[in-house]
Amino acid sequence: MYDPSHLRTFLAVAQTLSFTQAARRLGLRQSTVSQHVRRLEDAAGRRLFSRDTHSVELTEDGEAMLGFARRILEVHEQAAAFFTGTRVGGRLRFGASEDFVLTRLPEILEGFRHDHPEVDLELTVELSGTLHEQLAAGKLDLVLAKRRAEDPFGELVWHDDLVWIGAERLRLDPARPVPLIVYPPPGITRALALEALEQQGRDWRIVCTSGSLNGLIAAARAGLGVMAHSRGLIPPGLFRVPDRAGLPELGKVDFVLAHGPRRTPAQSAADALAAAILKGGERLRPTAGRG
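Predicted model only: the values in this text are computed from it and were never measured.

A separate point is the overall build of the chain. On a plain count of helices and strands, the chain comes out with 9 helices and 11 strands. Here the chain has a C-alpha radius of gyration of 20 Å; the compact-globule value for 291 residues is 19 Å, and the two agree. Within the chain, buried positions represent 47% of all 291 residues. Looking at the chain alone, contacts between residues at least 24 apart form 77% of all its contacts between residues at least 6 apart. Of the accessible surface of the chain, which amounts to about 14500 Å², a share of 49% is contributed by carbon and sulfur atoms.

With that settled, consider the pattern of salt bridges. Within this structure, the stated rule accounts for 7 salt bridges. Put simply, arginine 51 and glutamate 41 hold a salt bridge, and the shortest N to O gap is 3.5 Å. One end of the pair, arginine 51, is in strand β1 (residues 49–51); the other, glutamate 41, is in helix α3 (residues 30–44), and 10 residues separate them in sequence. Look at glutamate 41 and you get buried, because its relative accessible area is 10%. Where aspartate 141 meets arginine 93, a salt bridge forms, and the shortest distance between an N and an O atom there is 2.9 Å.

Our focus in this paragraph is the nonpolar core. Membership of the largest hydrophobic core comes to 46 residues, with the highest contact counts inside it found for Leu92, Phe94, Leu144, Trp164 and Leu273. It is helix α9 (residues 267–279) that contributes the most residues to this core, 8 residues altogether. Setting aside its immediate chain neighbours within four residues, phenylalanine 94 contacts Leu105, Leu109, Leu121, Glu122, Leu123, Thr124, Leu140, Leu142, Val143, Leu144, Leu273 and Ile277. Membership of the second largest hydrophobic core comes to 20 residues, among which are Phe10, Ala22, Ala23 and Leu58.

With their axes 9 Å apart at the nearest point, helix α1 (residues 4–16) and α3 run at an angle of 110° to one another. Comparing the axis directions of α1 and α3 gives the class roughly perpendicular. Residue-level contacts link Ser5, His6, Leu7, Thr9, Phe10 and Val13 of α1 to Val33, His36, Val37, Arg39 and Leu40 of α3.

Attention now goes to the confidence of the model for the chain. If pLDDT is low for a region, its predicted coordinates should not be looked at in detail. Mean pLDDT over the chain: 87, with 94% of residues reaching 70 or higher. Here residues 286–291 is a poorly scored stretch, pLDDT under 50, and it has 18 contacts once near neighbours within four places are set aside; other chains count.

What follows is about α3. The terminal C-alpha atoms of α3, which comprises 15 residues, lie 21 Å apart, in line with the 21 Å expected from a rise of 1.5 Å per residue. Those residues of α3 lying buried are Val33, His36, Val37, Leu40 and Glu41. Taken down its axis, α3 places every buried residue within 135° of arc, on the same side. Exposed residues lying more than 90 degrees from the buried face of α3 are Ser31 and Asp42. Just downstream of α3 lies glycine 45, where phi reads positive at about 70°.

Below, the discussion takes up helix α5 (residues 105–115). Every buried residue belonging to α5 is among Leu105, Ile108, Leu109 and Phe112, and all of these are buried. Along the axis of α5, the buried positions cluster into a sector of 95°, meaning they face one direction only. Away from its buried face by more than 90 degrees, α5 exposes Glu110 and His114. In this structure, the buried residues of α5 make contact with β3 (90–97), β4 (119–126), β5 (142–148) and α9.

Here the focus is the environment of glycine 45. Along the chain, glycine 45 falls in the loop between α3 and β1. Residue class for glycine 45 comes out exposed when judged on its relative accessible area of 55%. Along the chain, glycine 45 and leucine 233 lie 188 residues apart, while their C-alpha atoms are 33 Å from each other.

About the cut-offs
Residues numbered from 1 in each chain as written. Predicted model: local features only at pLDDT ≥ 70, side-chain atom pairs only at ≥ 80, totals over all residues. Heavy atoms only, no water. Helix = DSSP H or I, 4+ residues; strand = E, 2+ residues; numbered from the N terminus. Rg over C-alpha atoms; globule rule 2.2 N^0.38 Å. Buried < 20%, exposed > 50% of the residue type's maximum accessible area, 1.4 Å probe, protein only. Contact = heavy atoms within 4.5 Å. Areas by Shrake-Rupley, 256 points an atom, 1.4 Å probe, with all protein chains shown as cover. Salt bridge = Lys/Arg side-chain N within 4 Å of Asp/Glu carboxyl O. Core = buried A, V, L, I, M, F, W, Y, C linked by side-chain atoms within 4.5 Å. Axes fitted to C-alpha atoms, helices over the stretch in contact; angles between N-to-C directions. Parallel < 35°, antiparallel > 145°, perpendicular 65-115°, else oblique. pLDDT = per-residue confidence, 0-100. Expected span 1.5 Å × (residues − 1). Arc of directions from axis to C-beta.

The structure is reproduced here in C-alpha cells:
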C-alpha cells in the first residue's frame, strides 16, 4: 500500500520541514519530492503536511504516519538484508555531541546494534567542534553534531533556532555583565553566544565552563547565569529567557551527520548507522517547542 521510496521521502521532509532540504538529502529534484509526498497522501487518504510558501508543518495525521513509516521501512530493510544475504560488520567509530545526552539517541543505537550485531560500535561523546576536528583527522568514521547554519559540510538532520535559556526565576540586571554558562573552546554555541553579545555591545562574564552538558545544566538550574542552547533540545527544568531581558538573537544552527573525508573499511557500517539516524531523527527532539 505504501511505497518505501515515498516513505523515505516523507521522513526526509518531516525531519527537515523543507522540501528543498529533503531533495538535497535524497539527491532528488524538488518536484520529485513533492510528487512522492502527494502520492503517499493519496494512498493514505489524508493530508500529511500543512504547507504554504513560507513553512512546512506536519498535520496530526502526518505525526501518526511518522511511526508507521519508520516501522515499515525497518521491516522492509530487514527483509531485504535477509534475502540478499548482506551483513554489515567491522569497527565503527561514531561521535555524538553532548546535545544528544538527554535524547533518545540510545534507542536508535540499540536498534542499530540489534539489526547489525556484527558491527563493533565505538561511541565518543564530545563537543561538536572537537568531533569535527577528530573526523577530519581520521579518528572517527561518522559524526552527529552541530554546525553553524552557513557551514557547507555534513548531511542535515534538522535545522533549529539557538535561544538563551536559564532557570525560571533568573532575572538579569541590564546594568551588569551577562553571566554566561558555556562549553570550553571550540564549542560552537559558545562562539555564537560571544559573537552575538560582542555585536550588540553587551558586556559579559563567564560564570561557569564545563565540557559536560550535565555540568552546564546544573549551573543553569542553580541560577548562576544563562546559556545558548538549541530550542528543540531545552533540558527539563530550564526555560527560554524572555525577550524583555534584551539579549541578542543567536541565529540558527544545524544538526548534521558528517562522514570522514576518505572511505574506510567502516564505510558500510557508517552508511547503515547514518540511515538509521536519519530515519529516526524526529526521536532526537523530545522537547521540541518547549520554552
